[in-house]
Each structure stands twice: as structure tokens, then as C-alpha cells.
Amino acid sequence: MPSEQPPAERREVTVRRAPKYVPFLILGALVGVAAAAVAAYAVPANPSFDAGAVFGFFMVWFAGGGAILGAILALILDRRSIKRQQRAVVEAVPDSEPDTDAQP
């Protein structure tokens, strides 16, 4: 008794490589913190301000700016990926044997 399988379903899909935004935001913020450290400790100290306070002030602004620049870079790369998207045909492959696991 031959087992009859339903015909495989074919669909046309769009495939593209889109960036993940969170790593770009984190990396931009980390670069901003590094730039804040350079800006705070590389210049001659002002006697009226502590270097740690200057670093903290710059860190807030530079980390925020770095995160914004990272988001802009991710958006640019996302728009580029839309232009490079490709079409593909996929076909569903049925299971060779049914699952025997009991599910509650």
C-alpha cells in the first residue's frame, strides 16, 4: 500500500540580509564612551573641574551621540539590503515520519 503524500507547496519569497539594530546601537555607544575618555583625559586638566566629572559629562553626550550614529549606520545598511534583495522559490518538505512525542 503506497503512502500518498500531498503535493509540495511552492512559494516565492524575498531573501535579504538585514542588520540587527541593537549591536549597532551598543557599538556606537561604546565608541562614544571611548571618545569621551580621550576627550576628558587627553586635554590639559582645568583646575576648577575634576577629570572624572568631565569624563562623566562627556560620556553621557558622546555615548548618546554614538548610539544615534550607530542607528543611522544600521538604517543605511538596511536600505542597502533592500536594494540587494533576491527572489527565491521554496518548497515545503513534509516530515518523513510523524512525531510520536505526547504533548500535554
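Residues numbered from 1 in each chain as written. Predicted model: local features only at pLDDT ≥ 70, side-chain atom pairs only at ≥ 80, totals over all residues. Heavy atoms only, no water.

Overview of the packing of aromatic side chains
Consideration 1: For the structure shown, the criterion picks out three aromatic pairs.
Consideration 2: Members of the aromatic cluster, connected to one another through ring pairs, are Phe57, Phe58 and Phe62. (Phe/Tyr/Trp six-rings, centres within 6.5 Å; stacked < 30°, edge-to-face > 60°.)

Remarks on the confidence of the model for the protein chain
Consideration 1: When pLDDT is averaged across the protein chain, the result is 84; 82% of the residues are at 70 or more.
Consideration 2: Mean pLDDT values for the elements of the protein chain range from 81 in strand β1 (residues 10–15) up to 94 in helix α1 (residues 21–41). (pLDDT = per-residue confidence, 0-100. Helix = DSSP H or I, 4+ residues; strand = E, 2+ residues; numbered from the N terminus.)

Considering the UniProt feature "transmembrane region" (unreviewed entry) in the protein chain
Consideration 1: UniProt records the feature "transmembrane region" (unreviewed entry) for residues 21–43 and 55–77 in the present numbering.
Consideration 2: Across residues 21–43 one finds 91% helix and 0% strand; the C-alpha atoms that close the span lie 33 Å apart.
Consideration 3: For residues 55–77, the end-to-end C-alpha separation is 31 Å, with 100% helix and 0% strand making up the annotated structure. (UniProt positions renumbered as here; feature names shortened; annotations may be inferred.)

Focus: the environment of Val93
Consideration 1: Relative to the helices and strands, Val93 resides in the segment after β2 (86–91).
Consideration 2: Along the primary structure Val93 and Glu9 are separated by 84 residues, whereas in three dimensions their C-alpha atoms are 8.3 Å apart.

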